[in-house]
Amino acid sequence: MCSKFAQIIKINLPSMQILNIAGYKFIELNNLESLRTSLLEHCCALKGTILLSHEGINISLAGSADAVCAFQARLKSDARFKDIRFHQSVSSAIPFKHLKVKIKKEIITLRQPEADPRALRAPVITPAEFRQWMDENRDFTLLDTRNDYEIRFGTFTGAVDLGIADFSEFPSAAASIGRNKPVVMFCTGGIRCEKAALHLLSQGYQEVYQLEGGILGYFKQIGGAHYEGECFVFDERISVNSCLQHTGTLQCQVCQGPVTREQQILPGYIPDISCPSCTRASQRT
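Here the structure is a predicted model, which means the values were calculated and not measured.

1. Let's talk about unusual backbone geometry
Step number 1: If you check the backbone angles, N31 has positive phi at about 50 degrees while not being a glycine.
Step number 2: Its location among the elements puts N31 in the loop between strand 1 (18–26) and helix 2 (32–42).
Step number 3: For I238, which is not glycine, the phi dihedral falls at a positive 75 degrees.
Step number 4: Position of I238 relative to the elements: it lies in the loop between strand 13 (231–232) and strand 14 (239–240).

The following block contains the structure:
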């Protein structure tokens, strides 16, 4: 499959030679320092970040298709990681400056021990099922578990924004979510919902679902139906559209919001000082 994908890139996308992958797995891991050393050796031709903890692994890497596929093959030769699924996209440049393999307390920080995806996984809803629910205008709470600045780049129509600046704030912010109808939650690639959904279930919510594969998985299978805007990503691309393509949108370093290509030529955009959104906000005060 990897070699076939590499051929597709070379034949159909000659100007886009970089393959980006993102994936995770919650699994009990030990000997983290040894694993870190091994991973650094296996992905030395790539750039990006790998997070390790006793609860699992979280991977975001980029490089040539051959280098990425070689890394994936080597990783999946380890029985612990053979079933990791990756989001894939292409770009014209590597969106990372360095290669980092870090050991952390959690691969996604929530600080809620009861939300342990190693032991249990909350129910999922597939992208196709989710679109059907949206098409049918079903009565459910659609919950965006991402940070407020990410949501400013784009989100699903009708989604609840909890207004959090960091995922660790989710438990207190989510306490306001009603319990009288199903809750469907989503995030960028699925990892945050693995814990967020378990937390809600631990608090007595009866019907909680996570969108399988998150926004990126939905874009790959469905496209942009019911989604407004772009999707923020944690690399130098900043955001991608529903075709998983780099858009050129930047992030304002003052208000953290999006600055589109069109806005980048407006007088209100001064890098590291202000953007049109900052200007409008100052005019209202």
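2. Regarding the environment of I177
Step number 1: Positionally, I177 belongs in the loop between helix 6 (170–173) and strand 10 (183–186).
Step number 2: In this structure the C-alpha to C-alpha distance between I177 and T141, which are 36 residues apart in sequence, comes to 8.2 Å.
Step number 3: Ignoring sequence-local partners within four residues, the contact set of I177 consists of T141, L143, V160, L162, V183 and Y205.

3. Let's talk about the nonpolar core
Step number 1: L143, L162, F170, I177, M185 and L200 are the most contacted members of the largest nonpolar core, which totals 27 residues.
Step number 2: When contributions to this core are tallied by element, the ones reaching two or more residues are strand 1, helix 6, strand 10 and helix 7 (191–202).
Step number 3: When sequence neighbours within four positions are dropped, the list of residues in contact with L143 reads V160, L162, F170, I177, V183, V184, M185, F186 and L200.
Step number 4: Counting 24 residues, the second-largest nonpolar core is a separate cluster that includes C43, I57, A65 and I84.

4. Digging into the pairing of strand 1
Within a regular strand, the side chains alternate between the two sheet faces.
Step number 1: Burial analysis of strand 1 places eight of its nine residues in the buried class, which makes it a mostly covered element.
Step number 2: Two strands pair when backbone bridges link them, and strand 1 and strand 4 (residues 86–91) are joined in this way by six bridges, in the antiparallel orientation. Bridge assignment links L19 to a residue of strand 4, and that residue is V90.

5. Focus: the side chain of N58
Step number 1: For N58, the position within the fold is in strand 3 (residues 56–64).
Step number 2: Exposure remark for N58: the relative accessible area of 18% places this residue in the buried category.
Step number 3: When neighbours within four sequence positions are excluded, N58 is seen to be in contact with G23, Y24, T49, I50, L51, I107 and I191.

6. Section: the layout of surface pockets
Step number 1: For the largest pocket, the calculated volume is near 1,300 Å³.
Step number 2: The wall of the largest pocket is formed by 46 residues, among which N58, S60, V233, F234 and D235 lie closest to the centre.
Step number 3: Taken together, the elements giving at least two residues each to the lining of the largest pocket come down to strand 1, strand 2 (47–53), strand 3, strand 4, strand 5 (99–103), helix 7 and helix 8 (214–221).
Step number 4: Sorting elements by how many residues they give to the lining of the largest pocket places strand 1 first, with five residues.
Step number 5: Residues belonging to the lining of the largest pocket are distributed by class as follows: 18 nonpolar, 16 polar and 12 charged.

Rules of the game
Residues numbered from 1 in each chain as written. Predicted model: local features only at pLDDT ≥ 70, side-chain atom pairs only at ≥ 80, totals over all residues. Heavy atoms only, no water. Helix = DSSP H or I, 4+ residues; strand = E, 2+ residues; numbered from the N terminus. Contact = heavy atoms within 4.5 Å. Core = buried A, V, L, I, M, F, W, Y, C linked by side-chain atoms within 4.5 Å. Buried < 20%, exposed > 50% of the residue type's maximum accessible area, 1.4 Å probe, protein only. Pairing = 2+ DSSP bridges. 1 Å grid on protein atoms, 1.4 Å probe; cavity = no way out; pocket = protein on both sides within 12 Å on 5 of 7 lines; lining within 4 Å. Points joined across faces, edges and corners; volume = space filled by probe spheres on them. Nonpolar A, V, L, I, M, F, W, Y, C, P; charged D, E, K, R; others polar.

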